[in-house]
Amino acid sequence: MSANRPAAVVVLAAGEGTRMKSATPKVLHAICGRSLVGHVVAASRELSPEHLVVVVGHAREQVTAHLAEIDAEVRTAVQHEQNGTGHAVRMGLEELSGSGVALDGTVIVVCGDTPLLTGATLERLASAHATDGNAVTVLTAEVPDSTGYGRIVRDAASGAVTAIVEHKDATDAQRAIREINSGVFAFDAQLLTDALGKVRTDNSQGEEYLTDVLGILREAGHRVGAAVAGDHREILGINNRVQLAEARRLLNERLLERAMLSGVTVVDPGTTWIDATVTFEPDALVHPGTQLLGATHLAAHSEVGPNSRLTDTTVGEGAVVSFTVADRAEVGAGAGVGPYAYLRPGSRLGAKSKAGTYVEMKNASLGEGSKVPHLSYVGDATIGDHTNIGAASVFVNYDGVNKHHTTIGSHCRTGADNMLVAPVTIGDGAYTAAGSVITKDVPPGSLAVARGQQRNIEGWVARKRPGSAAARAAESAHQDNQGDQ
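Each value, and the rule that gives it
Residues numbered from 1 in each chain as written. Predicted model: local features only at pLDDT ≥ 70, side-chain atom pairs only at ≥ 80, totals over all residues. Heavy atoms only, no water. Salt bridge = Lys/Arg side-chain N within 4 Å of Asp/Glu carboxyl O. Helix = DSSP H or I, 4+ residues; strand = E, 2+ residues; numbered from the N terminus. Buried < 20%, exposed > 50% of the residue type's maximum accessible area, 1.4 Å probe, protein only. Axes fitted to C-alpha atoms, helices over the stretch in contact; angles between N-to-C directions. Parallel < 35°, antiparallel > 145°, perpendicular 65-115°, else oblique. Contact = heavy atoms within 4.5 Å. Phe/Tyr/Trp six-rings, centres within 6.5 Å; stacked < 30°, edge-to-face > 60°. Lys NZ or Arg CZ within 6 Å of the ring centre and 35° of its normal. Expected span 1.5 Å × (residues − 1). Pairing = 2+ DSSP bridges. Polar contact = N/O pair within 3.5 Å; in protein donor to acceptor, adjacent residues only side chain to side chain. Core = buried A, V, L, I, M, F, W, Y, C linked by side-chain atoms within 4.5 Å.

Asker: Quick question: what am I supposed to make of the pattern of salt bridges here?
Answerer: Side chains that differ in sign of charge can pair as their charged atoms come close. For the structure on display, the rule yields 13 salt bridges. In this structure, arginine 45 engages aspartate 71 in a salt bridge whose closest nitrogen and oxygen atoms are separated by 2.7 Å. In this pair, arginine 45 sits in helix H1 (residues 36–45) while aspartate 71 sits in the loop between helix H2 (60–70) and strand S5 (75–78), placing the two residues 26 residues apart along the sequence. Here arginine 200 makes a salt bridge to aspartate 202, at a shortest N to O gap of 3.1 Å. Each member of the pair, arginine 200 as well as aspartate 202, is classed as exposed. Salt bridges sharing partners connect three or more residues here, namely Arg90, Glu94 and Glu208.

Asker: Is there a simple way to explain the packing of helix H6 (residues 189–196) against helix H7 (residues 212–219) in this structure?
Answerer: What describes two packed helices is the angle between their axes and the distance between those same axes. Interaxial distance between H6 and H7 falls to 10 Å at its minimum, and their mutual angle equals 105 degrees. When the axes of H6 and H7 are compared, the pair comes out roughly perpendicular. Between H6 and H7, the contacting residues are Leu191, Leu192, Ala195 and Leu196 on the first element and Val213, Ile216 and Leu217 on the second.

Asker: Would you take a moment to explain the packing of aromatic side chains for this structure?
Answerer: Where two aromatic rings form a pair, the distance of their centres and the angle of their planes describe that pair. Inspection of every chain in the model, using the stated rule, returns three aromatic pairs. Their ring planes at 35 degrees and their centres at 5.6 Å tell us that phenylalanine 185 and phenylalanine 187 sit as a pair that is tilted. We note that phenylalanine 185, like phenylalanine 187, is buried. Judged by centre distance (5.4 Å) and plane angle (15 degrees), the rings of tyrosine 340 and tyrosine 358 are stacked. In this pair, tyrosine 340 is assigned in the loop between strand S24 (336–337) and strand S25 (341–343) and tyrosine 358 in strand S27 (residues 354–366), connecting sequence segments 18 residues apart. By relative accessible area, tyrosine 340 is classed as partly exposed at 42%. Among the aromatic residues, those joined into a ring-pair cluster are Phe323, Tyr340 and Tyr358. The cationic tip of lysine 403 hangs over the ring face of tyrosine 398; the distance from NZ or CZ to the ring centre is 5.3 Å.

Asker: Quick question: what am I supposed to make of helix H4 (residues 119–132) here?
Answerer: When the terminal C-alpha atoms of H4 are compared, their 20 Å separation across 14 residues agrees well with the 20 Å that a helix rising 1.5 Å per residue should span. Considered for burial, the residues of H4 that qualify are Gly119, Thr121, Leu122, Leu125, Ala126, Ala128 and His129. Those residues of H4 that are buried lie in contact with H1, strand S6 (106–111), strand S7 (136–142), strand S10 (179–188) and strand S11 (224–228). Where H4 terminates, the next one or two residues include glycine 133, which has phi positive at roughly 65 degrees.

Asker: Would you mind going over the pairing of strand S1 (residues 8–13) with me for this structure?
Answerer: Two faces make up the sheet, and in a regular strand the side chains alternate between them. Within S1, six of the six residues are buried, leaving the element largely enclosed by the surrounding structure. Sheet analysis places S1 next to S6, joined by five bridges and oriented parallel. Of the residues in S6, the one forming a bridge with alanine 8 is valine 107. In the sheet, S1 pairs with strand S4 (residues 51–56) via six bridges, with the strands oriented parallel. Directly across from alanine 8, in S4, lies its bridge partner histidine 51.

Asker: What exactly am I supposed to notice about the side chain of threonine 290 here?
Answerer: Mapping threonine 290 onto the fold places it in the loop between strand S15 (285–286) and strand S16 (291–293). There is a polar contact of 2.9 Å between the side chain of threonine 290 and the backbone oxygen of histidine 287. Those residues in contact with threonine 290 that sit more than four places away from it in its chain are Thr271, Thr272, Trp273, Val304, Gly305, Pro306, Asn307 and Ser308.

Asker: Teacher, can you tell me more about the nonpolar core here?
Answerer: For soluble globular proteins, nonpolar side chains are generally found buried alongside one another. Of all hydrophobic cores here, the largest spans 55 residues; its most connected members are Phe280, Leu292, Leu298, Leu343 and Met361. For this core, the secondary structure elements donating two or more residues are helix H8 (241–261), S25, S27, strand S28 (371–383) and strand S34 (424–426). When residues in this core are grouped by element, the largest group, seven residues, is from H8. Residues in contact with leucine 298, not counting those within four places in the same chain, are Thr279, Phe280, Glu281, Ala284, Val286, Leu292, Val304, Leu310 and Val315. Core analysis: the next-biggest nonpolar cluster, separate from the first, contains 35 residues, Leu12, Ala135, Ala189 and Leu214 among them.

Structure (structure tokens):
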């Protein structure tokens, strides 16, 4: 739990985000496995706040439903009309007070479109707020180019914040200031509640500005302080697709750096993409062109890639997965997958098993040491240990209405070009002949042969394809054979 546990965190997520030019609400656009607001909620949770409120407005039904999926404890407040940031915070506090919550302590306000903001930075903000005894503490950042941002003006002697001046209102001297307002604040809860009731709307937008609270509190004799973010990129807000892509790149770099510092080898970070929810063990190896998504986990000494995409997939210790697409699959220790394999949901590979070249699996388990080496489809099946599935085999699991299951025992050998028509069971130690269509159960230790007898019709080509290249080749072969006799 955070040492400076706030009474509440209020996340502002009511805006429409028109510059995204999208039917999807801005805060629901995703990078690295989470929505923009999902990243902010996750960072806020690191503070263990007593209450977490997200203020919603535009497309509130979608946003509220999403929040319920990612964090069932999040409360929502509705800003029916977007009347400014001060109004949004007031709606958040009224949601709590209307439920009988009496806030005492610190309230932190964050923006729902800042996915790079970290829990560690919010912790430093809360700590500075408590240590300095401020009424409000602004999270600021020193940026290379402050054009367009509100400048932080400080008292030269005390370092206290005396004003936040918008770019359009700043003097030349103020425009030279590189410390800017991030839009993230820590407030004393009671002072914030009182000051919000005094915010006026006599401005060009006719809105309640949260930044006006700073002036109100300062005029009342309270101290306004600031905490500087260690990395100015953390405060970047997302307003369009260009900024979305840039934030995705920055967050991906951060995640890869964390993985590499924990003992993972990433051969080419420039072509490797991972989600925030991916986990690793030391000595995992990731080759170029790989995407690791969702709740994917790579165990120690596992190897993934190149050119693979794994979603919600577990890769066991020492397993090798190359040129593969996998979704909600389990790859056992020492198993091999690919190249050019497709593991669909429910695929489970036992230790030291193999799903090889051009193999597709779905809702199927492969026992320890068993192999599907190449050119096969395995669907709705259970395969025992140390069994080999011949090349070009198809598990015929769908009759057009229902899916059916195939069970193959341990130490079986199925022939190449088999059609296994479910429901069917092949017992332990059984064999099936190449080219067979298996429609009936095969007892343990049996050989199943299900194919027509071969019949050769002599002279067919000469009669049916006279004058063809095949006919001439056959005639030449006949003459050669007669000459050899």
